[in-house]
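The primary structure of each chain is shown beneath.
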There are 2 protein chains.
Amino acid sequence: MVHRPVPFDELDRKIVAALIANARTSFAEIGADIGLSATAVKRRVDRLRESGIITGFTATVRPAALGWRTEAYVEVYCEGAAPPRRLAEVVRNHPEITAAMTVTGGADALLHVRATDVEHFEEVLERIRTEPFIRKTISYMVLSHLLPDSPEAGAARPAAEGAADLR
Amino acid sequence: MVHRPVPFDELDRKIVAALIANARTSFAEIGADIGLSATAVKRRVDRLRESGIITGFTATVRPAALGWRTEAYVEVYCEGAAPPRRLAEVVRNHPEITAAMTVTGGADALLHVRATDVEHFEEVLERIRTEPFIRKTISYMVLSHLLPDSPEAGAARPAAEGAADLR
DNA sequence: CGTGAAAGTAATATCCC
DNA sequence: GGGATATTACTTTCACG
């Protein structure tokens, strides 16, 4: 699962930024913006996908518009040592968990949970707490967002030390 | 900014799910899967965009492949009352903050931060701490992810009570 | 709401510099 | 590496049930 570093220049950065801004931008349009032909842009995009820099293209939706109006982060504490493999299994059992990771600090894991409403969230929490080795949870309900939802990772501007920028 | 409820049926759900799975799926292909013509699918997608259910199409990237190898959640505590408007301003000053929200619990806000490495993260943290009314921060570094990165919100399967499913 | 057809664009494959 | 071209495929518009 280790990815080798792959050549990635300024033009690639701009292509990635363009596709993050709009995954449906045509190769010709991207090319016109950065001074390449559509063919050259396509070749680079193909390479960016093959090398795993671009992992896919997705539609972004407003969860609230689909009925998911409640959002929370949940710290999970386990009995004894919690092997990440086992934790990952548990996490996959609950579709309301939209992100999960192990973190530093007291908690064994941090979950991002979406629910339709507070009642649903409570139900999810009880379901999670029922899992064998979960000892306790601490929840932080999201009240309001301070940033327009960013597609999580971008490449908008040039960045320090070989990293394309986020947002 | 209040969105009226908009008609949203099973076909719309499948269309949204298809576009989340791959934003470049053609209307004809989606139509073949759900029993509609490409034209009908396009009309529905146009409506889903106009009504704000679909907010855009974006490329997904592996941040690590772009040089962002460090990730953390940061709780922020402010002096006195922290008006979300002011907090939002502060957050926008730091491009490394990829998500920010007010939350229940002791902290005034929770930030998601990406940095190239630990040194960079420390620099970001110091920069955030320098902001006028930030009193203290508590950081949780992300160690490993337990779910394949989900596009944050999806509509994969039918869900309870009028909500399209996530993941 | 849905369809199908026609016109305009874009994606892709192939060949050349 | 990049570009030009030709073919295939998709998007978009429109007339119509």
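Computed from a predicted structure; not experimentally measured.

1. Some points on the protein's contact with DNA strand D
Argument step 1. Every residue lining DNA strand D is accounted for by Leu36, Ser37, Thr39, Ala40, Arg43 and Arg44 of chain A together with Ser26, Phe27, Thr39 and Lys42 of chain B.
Argument step 2. The sugar-phosphate portion of DNA strand D accounts for 56% of its atoms within 4 Å of the protein, the bases making up the rest.
Argument step 3. Between a phosphate oxygen of DNA strand D and a side-chain N or O atom of Arg44 of chain A, the distance comes to 2.6 Å.
Argument step 4. Note that a phosphate oxygen of DNA strand D is positioned 3.0 Å from one of the backbone N or O atoms of Phe27 of chain B.
Argument step 5. Secondary-structure elements contributing two or more residues to the surface near DNA strand D are α3 (38-50) of chain A together with α3 (38-50) of chain B.
Argument step 6. The greatest single-element share of the surface near DNA strand D, amounting to four residues, is contributed by α3 of chain A.

2. So, the pattern of salt bridges
Argument step 1. Counting across every chain of the model gives 18 salt bridges over all chains.
Argument step 2. Salt bridges here are not isolated pairs; linked through shared partners, they connect Asp9, Asp12, Arg44 and Arg47 of chain A.

3. Brief notes about the UniProt feature "domain: HTH asnC-type" (unreviewed entry) in chain A
Argument step 1. Taking the UniProt record as the reference, the feature "domain: HTH asnC-type" (unreviewed entry) is found at residues 8-69 of chain A.
Argument step 2. Secondary structure content for residues 8-69 of chain A is 53% helix and 13% strand, and the end C-alpha separation is 39 Å.

4. A few points about helix α1 (residues 10-21) of chain A
The periodicity of an α-helix, 3.6 residues per turn, causes residues three or four places apart in sequence to face the same way.
Argument step 1. Here α1 of chain A is twelve residues long and its end C-alpha atoms lie 16 Å apart, about the 16 Å a rise of 1.5 Å per residue gives.
Argument step 2. Listed in full, the buried residues belonging to α1 of chain A are Asp12, Arg13, Ile15, Val16, Ala17, Leu19 and Ile20 of chain A.
Argument step 3. Among the structural elements, α2 (27-34), α3 and β1 (54-61) of chain A together with β1 (54-61) of chain B are those in contact with the buried residues of α1 of chain A.
Argument step 4. You can read the cap of α1 of chain A off the contacts: a side-chain oxygen lies 3.0 Å from the backbone nitrogen of Leu11 of chain A, and it is on Asp9 of chain A.

About the cut-offs
Residues numbered from 1 in each chain as written. Chains lettered and ligands numbered in written order. Predicted model: local features only at pLDDT ≥ 70, side-chain atom pairs only at ≥ 80, totals over all residues. Heavy atoms only, no water. Near = heavy atom within 4 Å. Polar contact = N/O pair within 3.5 Å; in protein donor to acceptor, adjacent residues only side chain to side chain. Helix = DSSP H or I, 4+ residues; strand = E, 2+ residues; numbered from the N terminus. Salt bridge = Lys/Arg side-chain N within 4 Å of Asp/Glu carboxyl O. UniProt positions renumbered as here; feature names shortened; annotations may be inferred. Expected span 1.5 Å × (residues − 1). Buried < 20%, exposed > 50% of the residue type's maximum accessible area, 1.4 Å probe, protein only. Contact = heavy atoms within 4.5 Å.

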